Amino acid sequence: MNNHIYHKELTIPTDNRTYLERPRINRIFADAVRKTLVIVSAGAGYGKTSAVYSFLRNYEAITKWFQLSENDNLGARFWEKFANTIMWHDKNIAEHLFKMGFPETADEFTNYLSIIEDGIALAGKVVMVFDDFHLIHEKSVLRFIERSIKSPFSNITTILISRTDPDINTVKLLSQGLVASVNEDDLRLTEAEIAQYFHLLGIPLPPQSVSNIHDDTAGWVFAINLISLSLKKSPAHEQNARIAMKLNIFKMIESEVFLVISDRLRRFLIQLSLIDHLSAELISIIAGGDETLVGEMEKINSFVRHDIYLHAYLIHHLFLDYLRQKQNILTEEEKRDVYLKAARWCNENDYKMDAISYYDKAGEYEEIIGIVYNLPIQFPHDQAKFILDIYDKAPLHILEGFALYHRQRSVLLMSLDLYKEALAYIKGRIEKFSALPGSDFNNRVLCGAYTALAATEYLMSPVTDRYDFDVPLEKAYQYYKLSPNYETGSVTHLTLSALISKVGTTRRGAMEEYIDALTRTIPNMANILSGCMSGLDDLANGELRFYKGDLKHSTKFLRQAIRDAEEHNQYEVRNRALFYLLRIAVAQGDFEGFQSAFKDLEAQLDMKEYHSRFITFDIVSAWYYALLNQPHLISHWISRGDFGKGSIGSFKTDFGDFVKAKFYYFDRRYHELLSFTESKPAFSEVLFGRIDLKLIAAACQYKLKNRDASMAALREAYDLASSNDLTMPFIEFGKDMRTLTRVATQDKNCGIPVQWLELINRKSATYAKRQLSIISEYKKANNMGDDVLLSQREKEILQDLCDGLSRSEIAANHGLSIATVKMVLNTLYSKLGANSLADAIKTAITRNLIK
């Protein structure tokens, strides 16, 4: 169902429903929406949705209404709905949300907050309604909504409408008095409200009849609605209506609604019970464009409501349950027709997971394979499982008749980190189809199987220390040439992780073997997948030369990689090459080159075909601003978030963690950073990554005054780097590496050659000076000078620190979290050029920033 963002400042449309004005319940909601969370919990038919809807119609706020269903337990499907809702308000924000995907990790959620932050800040009061919340049981979706409720935006109130108590943690909010509850007792109609309701309907009832109805229904709104249908026909038979309601509500639906409406409307309503999406557009399609049929349905307004804000129809759950019992009336062809129409509409409107589900019910597996074929090749875990479950239940003989299915299955298995299973499946395909007579179909299957085998071996090479993944690619290309109908897919560019190298060993020569394998691989891969991987070998060469400190040759390879990448639309290759050029410019003190590389990175934001451009730019710009001592310009999901868990396939998490580690070090979060280095993140499988992590550990331990642990970690980093002459990771630590190498030189038990330590000491000192030069040029170019501009909050917190208040006292004093106080302090340190609290206070007093 389409969702909606309702703007109070727009003209309020009207509908033809009769709303019972309930001052009592409206007062309850008026008090409730002052809280952070409102839980509206009651059984079916208590008028939960109507009560909330009626109140919000006249409430001054922006309302976002999410009508949930069982299908929203799939993160990808939920996110499609969520982003489509945002689109009603701000298409630019919606595009960002579509591209980032469902935020499963804390980091990704923080990124989501940073995307919507400006819009929320300017919105005034915002009410987010999640209707039928009881249908959600998927932990990741529950966690997202829970995090949303606890977001730092004080102008947002969340309303959960549910038949059961929501399965989320509200203990902290409850302890702070920020949760309001509206329950069945609140929602029941009182005798006075029942009398008022029947009066609005033009059905006068004596007080005793009102009392009887109240006693028999206990104020249950749905039952009262049903009684009103009977009393409209026979006002004098109030007792019979009550008895009929008690005996069988479904019988009443049948006699008062189902048997009264036309046969074509009956069949139409049963058809609608087959689907979850009740968009007005889709319903019109299922009705065959017959507006009179839709108009006839709208007259059943006790059970079917057209939501003018959602532009969709809402059908009461119990009425849907009744209709579902009648689905056997429909022929299999009628059901299939509905599923196909729903699937096509969902596919066209970017509800891809629902489209797959409906095509599955219609038995149209070729359409499913077509949708999967055009999805980004890196599947989120829950999406891969959802698709694989459908494939597992489908008739195997049908699926295996599609050449693309065999490749898709192996990719889905890899997306679930089931590499052994993927490898076994791929080899099984190769063995089976190699034994069959040659044909176009078999050649396409074998081309896909060998391509998948090459990808699997490539991803596993950090563990296997084997670099012959070009061999299956050669085989794939041979079958490709025999397959003129081979489909390459719409996504042909790579998604890269933090490091280009896939070498995990310290063995001398392994790096060169890996790059040679890449060089042999790329021509075949580029032919099969329209230029895919172009420039990757030069990028890998540039990376290796960078880590060796050979910046001249590194630059040469990186520029060639950019040329190849631009020619074949390999956006990630170009991005990483520019990222290394940015780092080289710092090492050379080249401010012009530094700014040029960053502008080229920023220009990628305009490349709409580059699907991960926003997140990737957040990552590289975080490195840029951390180096410039401008932490307040770093995206919040990096500066405020935790490390992700990552896997070989989680490239965005991997790259984000790689850069985030630099920010954590800048932010003095040494304990958290040490825990991260011990957690074996994905990039630690690669030699370059292990060296970086050991150096982080060495620097953190020294900052924490653990000198022995620091020297031990430094020695481990040296041992990992020495056989391949890798020096740049040490040099990039600048002044802190200068300190570490000086201490190591004086440590007789260190075990690192003094000559090497002295070399790194000189080069890191030079790097530190050039970094300061870059920072100075940046401030000059941006007219920052030495003037320090502090916000009012920064001044107040700085004054509190000067007055001797602790961070917890400051947090309580200003109604902030301790984490927020810490973030403000780090910004202050940066602005004041201070390394400690004492330095910050001294500088602030000297410049008359505080008293």
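How each quantity is defined
Residues numbered from 1 in each chain as written. Predicted model: local features only at pLDDT ≥ 70, side-chain atom pairs only at ≥ 80, totals over all residues. Heavy atoms only, no water. Helix = DSSP H or I, 4+ residues; strand = E, 2+ residues; numbered from the N terminus. Buried < 20%, exposed > 50% of the residue type's maximum accessible area, 1.4 Å probe, protein only. Contact = heavy atoms within 4.5 Å. Areas by Shrake-Rupley, 256 points an atom, 1.4 Å probe, with all protein chains shown as cover. Salt bridge = Lys/Arg side-chain N within 4 Å of Asp/Glu carboxyl O. Axes fitted to C-alpha atoms, helices over the stretch in contact; angles between N-to-C directions. Parallel < 35°, antiparallel > 145°, perpendicular 65-115°, else oblique. Left-handed = near helix turned anticlockwise from the far one by under 90°. Nonpolar A, V, L, I, M, F, W, Y, C, P; charged D, E, K, R; others polar. Phe/Tyr/Trp six-rings, centres within 6.5 Å; stacked < 30°, edge-to-face > 60°. Lys NZ or Arg CZ within 6 Å of the ring centre and 35° of its normal. Pairing = 2+ DSSP bridges. Right-handed = clockwise from strand over helix to strand, strands pointing away. Expected span 1.5 Å × (residues − 1). Arc of directions from axis to C-beta. pLDDT = per-residue confidence, 0-100.

Participant: Hey, could you run me through the overall build of the protein in this one?
Facilitator: A tally of helices and strands in the protein yields 44 helices and eight strands. Of all 851 residues assigned to the protein, the portion counted as buried reaches 57%. Sequence-distant contacts in the protein: of pairs separated by 6 or more residues, those separated by 24 or more amount to 71%. About 36,300 Å² of surface is accessible on the protein, with carbon and sulfur atoms providing 50% of the total.

Participant: I tried to follow the pattern of salt bridges on my own but got confused; where do I start?
Facilitator: Pairing between side chains becomes possible if they bear opposite charge and their charged atoms approach one another. Considering all chains together, one arrives at 40 salt bridges under this definition. Beyond isolated ion pairs, a larger network of salt bridges with shared partners links D72, R77, K81 and D354.

Participant: Help me understand the packing of helix α31 (residues 591-603) against helix α32 (residues 613-627) in this model?
Facilitator: To describe two helices that pack against each other, one gives the angle between their axes and the distance between the axes. Packing of α31 against α32 brings their axes to within 10 Å, and their N-to-C directions diverge by 155°. Judged on the interaxial angle alone, α32 and α31 are roughly antiparallel. Considering only the axes of α31 and α32, their crossing is left-handed. Of the residues in α32, those touching α31 at F594, Q595, F598, L601 and E602 are F617, V620, S621, W623, Y624, Y625 and L627. Residue classes in the contact of α31 with α32 are distributed as nine nonpolar, two polar and one charged.

Participant: Please explain the environment of V38 as it appears in this structure.
Facilitator: Note on placement: V38 falls in strand β2 (residues 37-41). Along the sequence, V38 and L178 sit 140 residues apart, while their C-alpha atoms lie 8.7 Å from each other. Residues in contact with V38, not counting those within four places in the same chain, are A32, V33, T157, T158, I159, L160, A180 and V182.

Participant: Help me out: how do you make sense of the packing of aromatic side chains in this one?
Facilitator: The geometry of an aromatic ring pair comes down to the distance between the two centres and the angle between the two planes. Taken as a whole and assessed by the stated rule, the structure comprises 49 aromatic pairs. Ring centres 5.2 Å apart and planes at 10° place the aromatic pair W79 and F82 in the stacked group. With W79 and F82 both in helix α3 (residues 75-87) and three residues apart, the pair spans about one turn of that helix. Side by side, W79 and F82 carry an identical accessibility label, which is buried. Where Y458 meets F469, the ring centres are 5.2 Å apart and the plane angle is 85°; that geometry is what we call edge-to-face. Of this pair, Y458 sits in helix α25 (residues 440-464) while F469 sits in the loop between α25 and α26 (470-481); the two residues are 11 residues apart in sequence, bridging distant segments of the chain. The exposure classification of Y458 matches that of F469, with both residues buried. Three or more aromatic residues joined by ring pairs make a cluster, and in this case those are F66, F78, W79, F82, F102, F109, Y112, F130 and F144. Directly above the aromatic system of F258 lies the positively charged group of R266, at a separation of 5.7 Å from the ring centroid. Lying across the ring of Y664, R669 places its NZ or CZ 3.9 Å from the centre.

Participant: Hey, could you run me through the packing of helix α27 (residues 510-528) against helix α28 (residues 536-548) in this one?
Facilitator: Close contact between α27 and α28 brings their axes to 8 Å; oriented N to C, the two are set at 160°. By the angle between their axes, α27 is roughly antiparallel relative to α28. Along this stretch, α27 crosses α28, giving a crossing that reads as left-handed. Of the residues in α28, those in contact with M511, E512, Y514, I515, L518, T519 and I522 of α27 are L536, D537, A540, N541, L544 and K548. Tallied by class, residues from the contact of α27 with α28 come to eight nonpolar, two polar and three charged.

Participant: Mind showing me how you'd approach the pairing of strand β4 (residues 126-131) here?
Facilitator: Strand residues, when the strand is regular, have side chains that alternate between the two faces of the sheet. Within β4, six of the six residues are buried, which leaves it mostly tucked inside the rest of the structure. A two-sided burial pattern is seen for β4, the buried positions comprising V126, M128 and F130 on one face and V127, V129 and D131 on the other. Across six bridges, strand β3 (residues 62-67) lies against β4 in parallel orientation. Directly across from F66, in β4, lies its bridge partner F130. Looking at chain direction, β4 and strand β5 (residues 156-162) are connected through six bridges and run parallel. Looking across to β5, one finds that V129 is bridged to I159. You can see the chain leave β4, run along helix α6 (residues 139-149) and come back into β5, and the turn it takes is right-handed.

Participant: How do you make sense of the pairing of β5 when you look at a structure like this?
Facilitator: The buried fraction of β5 amounts to seven of the seven residues, a majority that puts the element mostly inside the structure. Here β5 shows a buried face lined by I156, T158, L160 and S162 and a second buried face lined by T157, I159 and I161. Here β2 runs beside β5; their pairing, made up of five bridges, is parallel. If you follow I39 over to β5, its bridge partner there is L160.

Participant: What is the right way to look at the environment of I377 in this model?
Facilitator: Mapping I377 onto the fold places it in the loop between α20 (365-373) and α21 (381-393). On the basis of relative accessible area, I377 is assigned to the exposed category, the value being 52%. With 34 residues separating them in the primary sequence, I377 and V411 have C-alpha atoms 7.7 Å apart. The residues contacting I377, other than those within four sequence positions of it, are V411 and S415.

Participant: Looking at this model, I keep getting lost on helix α24 (residues 419-434). Mind explaining?
Facilitator: Since the α-helix turns once every 3.6 residues, residues separated by three or four places project in the same direction. Compared with the 22 Å implied by 1.5 Å per residue over 16 residues, the 22 Å span of α24 between its first and last C-alpha is a close match. Listed as buried for α24 are Y419, A422, L423, Y425, I426, R429, I430 and F433. Each buried residue of α24 sits inside an arc of 165° when the element is viewed along its axis, so together they form one side. Away from the buried face of α24 by more than 90 degrees, exposed residues K420, A424 and E431 are located. Those residues of α24 that are buried are in contact with α23 (403-415) and α25.

Participant: Could you clarify how one ought to interpret unusual backbone geometry in this entry?
Facilitator: Most peptide bonds adopt trans geometry, and most residues besides glycine take a negative phi value. Positive phi values are uncommon outside glycine, yet D132 reaches one of about 60°. Relative to the helices and strands, D132 is located in the loop between β4 and α6. For D132, a relative accessible area of 6% puts it in the buried group.

Participant: So what exactly am I meant to see when it comes to the environment of L205 here?
Facilitator: With respect to the element layout, L205 can be found in the loop between α9 (191-200) and α10 (207-217). In the structure, L205 is positioned 26 residues away from L231 in sequence and 9.8 Å away in space, judged by C-alpha atoms. Setting aside residues up to four positions removed in sequence, L205 forms contacts with F198, V210, I213 and L231.

Participant: I'm lost on the side chain of K502 in this one. Help?
Facilitator: Following the sequence through the fold, K502 ends up in the loop between α26 and α27. The class for K502 is buried, based on a relative accessible area of 8%. Not counting chain neighbours up to four residues away, the residues in contact with K502 comprise Y458, S461, P462, Y467, S497, Y514 and V686.

Participant: Can you help me understand the confidence of the model for the protein in this one?
Facilitator: Scored by pLDDT, the protein comes out at a mean of 85, with 90% of its residues at no less than 70. Mean pLDDT values for the elements of the protein range from 37 in strand β1 (residues 4-6) up to 97 in α28. Low pLDDT, under 50, characterises residues 1-17; the predicted model gives this stretch 61 contacts beyond four residues in sequence or across chains. Taken together, the stretch residues 645-649 has pLDDT below 50 and engages in 10 contacts with residues farther than four places along the chain or on a different chain.

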